[in-house]
Amino acid sequence: MADRSDLKAELERKKQRLAQIREEKKRREEERKKKEMLQRTENVSEDSDLDRKRRETEALLQSIGISPEPPLVQPLQLLTWDTCYFHYLVPTPMSPSSQSVSPPSETGSQESIDGGTVGRTLQWDTDPSALQLLADSVHGCRMQRLGASKIVQIDFMPKELVTYCKETQTPVASDQPEEEEDEELSVTKSEPVPQQLEEESSQEAEEVHPRELTNEEKEQIVHSEDFLFFFDRSIRVMERVLAEDTDIFFDYSGRDMQDKEGDMQAGSNLSFNRHFYDEHWSKHRVVTSLDWSPQYPELLVASYNTNEDAPHEPDGVVLVWNMKFKKMTPEYIFHCQSSVMSVGFAQFHPNLVIGGTYSGQIALWDNRSHRRTPVQRTPLSATAHTHPVYCVNVVGTQNANNLITVSTDGKMCSWSLDMLSQPQESMELIYNKSKPVAVTCMAFPASDVNNYVVGSEEGTVYTASRHGSKAGIGEMFDGHQGPVTGISCHNAVGPVDFSHLFTTSSFDWTVKLWSTKHNKPLYSFEDNADYVYDVMWSPVHPALFATVDGNGRLDLWNLNNYTEVPSASVTVEGGCALNRVRWASGGREVAVGDSEGRVWIYDVGEQLAVPHTDDWSKFARTLMEIRANRGDGEEEGVLELPA
Amino acid sequence: MDDDQSAEETAFVVDEVSSIVKESLEAVIGRNTYEHKRVNQWTSGVVEQCLGQLSKLGKPFKYIVTCIIMQKNGAGLQSASSCFWDNTTDGSCTVRWENKHLYCIVSVFGLAI
């Protein structure tokens, strides 16, 4: 009940309000209308005022027009109107009434020049002040000089259209004779004709255009003798090129060789192949020993001594490198606690690597195990070695083999690879029953398990034997004036046996060639200018051996060519002293170890490395010559030793 | 009257006018390619907008605005203009504008009233 009454009251109030609002609206409208009426009347009056002012200005303008001014200063004459634009020229409305004066765009466009039109259209200057300005400007010294302005030029460059014009000249087909005789005649004629042409061209300096050959002419050329000869020869060369990458220009008839023999050989003889270096393990270490694997010709083992810059690293490092692949990391890394002075693959055990250390221990590593430390070690006792072991060698046969090691105190031990806890036999190498030999290097002649040769620190070389009545040191070979650094027995197998020969290298800058039959050197090679650190005979060539010295020089001596100078020589990059040289078993590569921990592999050229069948006989003759020369020179103290 | 002020106010300021022109060109044409059907809209649009802006400046000038749009086809074009007027009060401004596909030349002549 109460709600309904409230609602009703509210409805009534709203109705009243609405009525009020309507009334107010009506009032406002009425007021506006009144105002408009008033304004219109005012505007009319304003218009009239405006009109008066305009008439005044018109009068002024006319007066000016009359005055003797240059005709240029005339009332601005309306020339042409463009209909579209004029809409936008209506100025801001000053009053609503002005809008009523519609822009006489259409009407005024065509009208002639009248003051009225001028007045009507000058709407934007209705402001009196502006009119004043106008008046003044028109009145005043607007008669200023008029002059020409600068010429404004605009240009756009045309784009050059690049056109290409290519002409092809089809060859003028000459009348082809149908008979072959005519063709032959024409061919023969063409020979004298070009000669004439050449003469003509030389006389007249005309250009002879090569004419395109007809198919028949081409066939003729292809079947001609000269062409067949050339083609035959070229085919062979091309086939070789495509199949191989060796020297395809080799002429078996030997005609080329005679001219260029020396140069050709020198160029391709000794070339750098690659080097092995490991940042972590080889840095700052000297390569103390190298050996190639007998089972896998691509594997090379290198031993390194201590790295003084890294006291926490193991002192002895042995790395196995692989020649076959391009990777720069070693295949296997082994270490031990003492510097490894000599290393070798076990001859008949492909997985074992043997190292002789500075402490006298012999370490045995196995690449089947995952350990980097030796799997077996000899004891550090008086029964074994107590001095650095510079020589390790496995000799014997598959079933009966021993490891021979010699240390610098003259002790030689023979071991079985299965058991390194004690040597099978040991021997003191004493010369003349008084002086132990300080052995620095050792070599076994080919296929000899009993006799061997050793070099010592005093510069003397001895033969020794393991068993027999004369076990121990045999003869002494005196010749070097400094410690013997390397010794190598001749091992190339061929028609003539040279196994009695061995070479030694020494600190006295020389390399000497010896025979076990004479206690004086057969020959002394004195081309080096520094300590010669190692020497090794080629395993395949009877007259070839390699030497390395402290200047970084690797020399290859071919005694069949020259005995005074090396046949090939190269200085290793960096010029570090080279400590070791080892021929690969094929005799085509040489591995060199230097004092910075790098192992350099050099390829030896075919001419030098591969022996010819007559090299053996040649070498025999060379030896005879050497002996003959030496025989003339030195006769004193030469003892013919029993073989 | 303040002649100095009036002189400044009634001078033809080339920079001002050229900036007005460039704005209107950017606004009307922008990056459009030359399309024959639309080009007439652009010319008239540019002129209209320029005139509108110029009149808003409120200076006592008469303005003449011309607009030329040329397609970039490799043709060359050469134009020249000169005026005989009061060099002190009147001025002109010519704006060369281009985009990738067309050239546009807008000339504004301002003649002091």
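Before any of the text, the structure's been laid out above.
Anyway, here's the lowdown on the structure attached to this text. (Residues numbered from 1 in each chain as written. Chains lettered and ligands numbered in written order. Predicted model: local features only at pLDDT ≥ 70, side-chain atom pairs only at ≥ 80, totals over all residues. Heavy atoms only, no water.)

**Looking at the nonpolar core**
Nonpolar side chains in soluble globular proteins tend to end up buried together.
Next up, step 1: In this structure, Val21(B), Leu25(B), Ile29(B), Ile69(B), Cys104(B), Val106(B) and Val108(B) are the most contacted members of the largest nonpolar core, which totals 25 residues.
Next up, step 2: If you list the elements that add at least two residues to this core, you get helix 2 (14–28), helix 3 (36–56), strand 1 (61–71), strand 4 (91–98) and strand 5 (102–112) of chain B.
Next up, step 3: In terms of residue count, helix 3 of chain B provides more of this core than any other element does, 6 residues in total.
Next up, step 4: Among residues more than four places away in sequence, those in contact with Ile69(B) are Ile29(B), Tyr34(B), Val39(B), Trp42(B), Thr43(B), Leu102(B), Tyr103(B) and Cys104(B).
Next up, step 5: By size, the runner-up hydrophobic cluster in this structure holds 20 residues, among which are Leu544(A), Leu556(A), Val570(A) and Leu608(A). (Core = buried A, V, L, I, M, F, W, Y, C linked by side-chain atoms within 4.5 Å. Buried < 20%, exposed > 50% of the residue type's maximum accessible area, 1.4 Å probe, protein only. Helix = DSSP H or I, 4+ residues; strand = E, 2+ residues; numbered from the N terminus. Contact = heavy atoms within 4.5 Å.)

**Some remarks on the interface of chain B and chain A**
Next up, step 1: Across the contact, 27 residues belong to chain B and 21 residues belong to chain A.
Next up, step 2: Both faces considered, chain B and chain A share a buried interface measuring about 2,500 Å² in area, 57% of it formed by carbon and sulfur atoms.
Next up, step 3: Our count for the chain B to chain A interface comes out at 0 salt bridges.
Next up, step 4: Across the chain B-chain A interface, the total number found is 5 residue pairs in polar contact (both at pLDDT 80 or more).
Next up, step 5: Secondary-structure elements contributing two or more residues to the side of chain B that touches chain A are helix 3, strand 1, strand 2 (77–81), strand 3 (84–85), strand 4 and strand 5 of chain B.
Next up, step 6: The biggest single contributor to the side of chain B that touches chain A is strand 2 of chain B, with 5 residues.
Next up, step 7: Here the residues of the side of chain B that touches chain A sort into 12 nonpolar, 10 polar and 5 charged.
Next up, step 8: Relative to strand 2 of chain B, strand 2 (residues 152–156) of chain A runs antiparallel, the two sharing 5 bridges. (Buried area = accessible area lost by both parts, 1.4 Å probe. Salt bridge = Lys/Arg side-chain N within 4 Å of Asp/Glu carboxyl O. Polar contact = N/O pair within 3.5 Å; in protein donor to acceptor, adjacent residues only side chain to side chain. Nonpolar A, V, L, I, M, F, W, Y, C, P; charged D, E, K, R; others polar. Pairing = 2+ DSSP bridges.)

**Quick notes on helix 3 of chain B**
Residues and elements named next belong to chain B.
Next up, step 1: An ideal rise of 1.5 Å per residue puts 30 Å on 21 residues; helix 3 measures up with 31 Å between its terminal C-alpha atoms.
Next up, step 2: When helix 3 is considered as a whole, its buried residues turn out to be Val39, Trp42, Gly45, Val46, Val47, Cys50 and Leu54.
Next up, step 3: Gly58 lies just past helix 3 and shows a positive phi near 75°. (Expected span 1.5 Å × (residues − 1).)

**A word on the sheet that holds strand 3 (residues 270–276) of chain A**
Residue and element names in this part refer to chain A.
Next up, step 1: Read across the sheet, 4 strands follow the order 3-32-31-30 without closing on themselves; strand pairing throughout is antiparallel. Across the chains shown, the open sheet's two edge strands, defined by having one partner strand only, are strand 3 and strand 30 (578–583). In this sheet, neighbouring strand axes are inclined to one another by 25° on average, regardless of whether the strands run parallel or antiparallel. (Axes fitted to C-alpha atoms, helices over the stretch in contact; angles between N-to-C directions.)

**Structural notes on the pattern of salt bridges**
All names here are of chain A.
Next up, step 1: This model, assessed by the stated rule, comprises 15 salt bridges over all chains.
Next up, step 2: In this structure, the salt-bridge partner of Asp232 is Arg236, at a minimum N-O distance of 3.2 Å. Pair noted here: Asp232 and Arg236 are both in helix 10 (residues 225–243), with a separation of 4 residues, about one helical turn.
Next up, step 3: Classification of Asp232 as partly exposed rests on a relative accessible area of 39%.
Next up, step 4: Among the salt bridges present, the one from Arg553 reaches Asp527, with a minimum N-O distance of 2.6 Å. With Arg553 in strand 28 (residues 553–558) and Asp527 in the loop between strand 25 (523–525) and strand 26 (532–537), the pair connects residues that are 26 residues apart, well separated along the chain.
Next up, step 5: Among the ionic contacts, a cluster of salt bridges with common partners joins Asp527, Arg553 and Asp555.

**Re the side chain of Thr378(A)**
Residues and elements named next belong to chain A.
Next up, step 1: Inspection of the secondary structure assignment puts Thr378 in the loop between strand 11 (376–377) and strand 12 (389–396).
Next up, step 2: The buried category is assigned to Thr378, whose relative accessible area is 1%.
Next up, step 3: A distance of 2.7 Å separates a polar side-chain atom of Thr378 from the backbone nitrogen of Ile362.
Next up, step 4: Apart from the residues within four sequence positions on either side, Thr378 is in contact with Gly360, Gln361, Ile362, Trp415 and Leu420.

**Some remarks on unusual backbone geometry**
Residues and elements named next belong to chain A.
Next up, step 1: Look at His284: it is not a glycine, yet its phi comes out positive at around 60°.
Next up, step 2: If you trace the backbone, His284 turns up in the loop between strand 3 and strand 4 (287–292).
Next up, step 3: Positive phi is not limited to glycine here, since Trp509 has a value of about 70°.
Next up, step 4: Considering the arrangement of structural elements, one finds Trp509 in the loop between strand 23 (501–506) and strand 24 (511–515).
Next up, step 5: Since its relative accessible area comes to 42%, Trp509 is described here as partly exposed.

**Things to note about a nonpolar patch on the surface**
All names here are of chain A.
Next up, step 1: A cluster of nonpolar side chains, Phe230, Phe231 and Ile235, forms an exposed patch at the surface whose accessible area comes to about 270 Å².
Next up, step 2: Positionally, Phe230 belongs in helix 10.
Next up, step 3: According to the relative accessible area criterion, Phe230 is partly exposed, its value standing at 45%. (Patch = residues over 30% accessible without salt bridge, like charges linked within 9 Å, V, L, I, M, F, W, Y side chains within 5 Å. Areas by Shrake-Rupley, 256 points an atom, 1.4 Å probe, with all protein chains shown as cover.)

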